[in-house]
Amino acid sequence: MILDDRIVNHLQSEEPMTKKHFIAIAEALSMIAPSDIGNGGVLRGSDLVWRDCINTLCTEFKRINPRFDAAKFRLACGLER
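Residues numbered from 1 in each chain as written. Predicted model: local features only at pLDDT ≥ 70, side-chain atom pairs only at ≥ 80, totals over all residues. Heavy atoms only, no water.

Some points on the nonpolar core
Where a protein is soluble and globular, its nonpolar side chains tend to be buried together.
Argument step 1. Counting residues in each nonpolar core, the largest one holds 13 residues, and the members touching the most others are Ile25, Leu29, Ile54, Phe61, Phe68, Phe73 and Cys77.
Argument step 2. Elements with a contribution of two residues or more to this core: helix 2 (19-30), helix 3 (46-64) and helix 4 (70-77). (Core = buried A, V, L, I, M, F, W, Y, C linked by side-chain atoms within 4.5 Å. Buried < 20%, exposed > 50% of the residue type's maximum accessible area, 1.4 Å probe, protein only. Helix = DSSP H or I, 4+ residues; strand = E, 2+ residues; numbered from the N terminus.)

So this is what it looks like as structure tokens:
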């Protein structure tokens with residue numbers, strides 16, 4: 001997945017991430033969500049990597065920003081419906 005250059009540059013900076021950054025990342029992840037995720041579908045292969053990536057990002061984002069809402073992020077990514 002290719003992240004927007006603005007996000008990559010910001011992640012490499014010392015500035016704190018803001019809500020707009022989390023939204024942009026969630027939107028990018030939602031565009032590659034498995035089509036059957038909300039229909040009781042079983043995740044396999046790269047779909048598991050997608051899910052694990054989201055969960056890892058949630059852990060890191062919560063560390064960066066204690067007010068980060070992981071449930072809202074997962075919903076925005078399409079992991080939970």
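Having seen it, we continue.
Some points on helix 4
Argument step 1. Phe73, Arg74 and Cys77 are the residues of helix 4 that are buried. Buried residues of helix 4, seen end-on, are gathered within an arc of 100° and therefore sit on one face of the element. Across helix 4 from its buried face, at more than 90 degrees, point the exposed residues Lys72 and Leu75.
Argument step 2. Looking at the buried residues of helix 4, the elements they touch are helix 2 and helix 3.
Argument step 3. Looking at where helix 4 begins, the residue whose side-chain oxygen comes 3.2 Å from the main-chain nitrogen of Ala71 is Asp69.
Argument step 4. Phi for Gly78, located one or two positions after helix 4, is positive at around 95°. (Arc of directions from axis to C-beta. Contact = heavy atoms within 4.5 Å. Polar contact = N/O pair within 3.5 Å; in protein donor to acceptor, adjacent residues only side chain to side chain.)

Some details on the state of the cysteines
Disulfide: a covalent bond formed between the sulfur atoms of two cysteine residues.
Argument step 1. As enumerated under the stated definition, the model contains zero disulfides in all.
Argument step 2. Not part of a disulfide, Cys53 finds its nearest cysteine sulfur in Cys77, a span of 8.4 Å.
Argument step 3. Judged by its relative accessible area of 31%, Cys53 falls in the partly exposed class.
Argument step 4. Free of any disulfide, Cys77 has its nearest cysteine sulfur in Cys58, 6.6 Å distant. (Disulfide = S-S within 2.5 Å.)

Observations regarding the environment of Cys53
Argument step 1. Looking at the secondary structure, you find Cys53 in helix 3.
Argument step 2. C-alpha of Cys53 to C-alpha of Leu29: the two residues are 24 residues apart in sequence and 9.2 Å apart in space.

Here we look at the confidence of the model for the protein chain
Residues shown with low pLDDT carry predicted positions that ought not to be read at fine detail.
Argument step 1. Residue-level pLDDT values for the protein chain average 81, and 74% of them are 70 or greater.
Argument step 2. Mean pLDDT per element in the protein chain: helix 1 (residues 5-11) is the minimum at 64, and helix 4 is the maximum at 95. (pLDDT = per-residue confidence, 0-100.)

A short note on the layout of surface pockets
Argument step 1. Of the voids in this model, the largest pocket is the one considered here, and its volume is about 320 Å³.
Argument step 2. For the largest pocket, the full set of lining residues is Thr18, Lys19, Phe22, Ile23, Ala26, Asn65, Arg67, Phe68, Asp69, Lys72, Phe73 and Ala76.
Argument step 3. Within the residue set of the lining of the largest pocket, elements represented by two or more residues are helix 2 and helix 4.
Argument step 4. Among the residues making up the lining of the largest pocket, the classes are represented as six nonpolar, two polar and four charged. (1 Å grid on protein atoms, 1.4 Å probe; cavity = no way out; pocket = protein on both sides within 12 Å on 5 of 7 lines; lining within 4 Å. Points joined across faces, edges and corners; volume = space filled by probe spheres on them. Nonpolar A, V, L, I, M, F, W, Y, C, P; charged D, E, K, R; others polar.)

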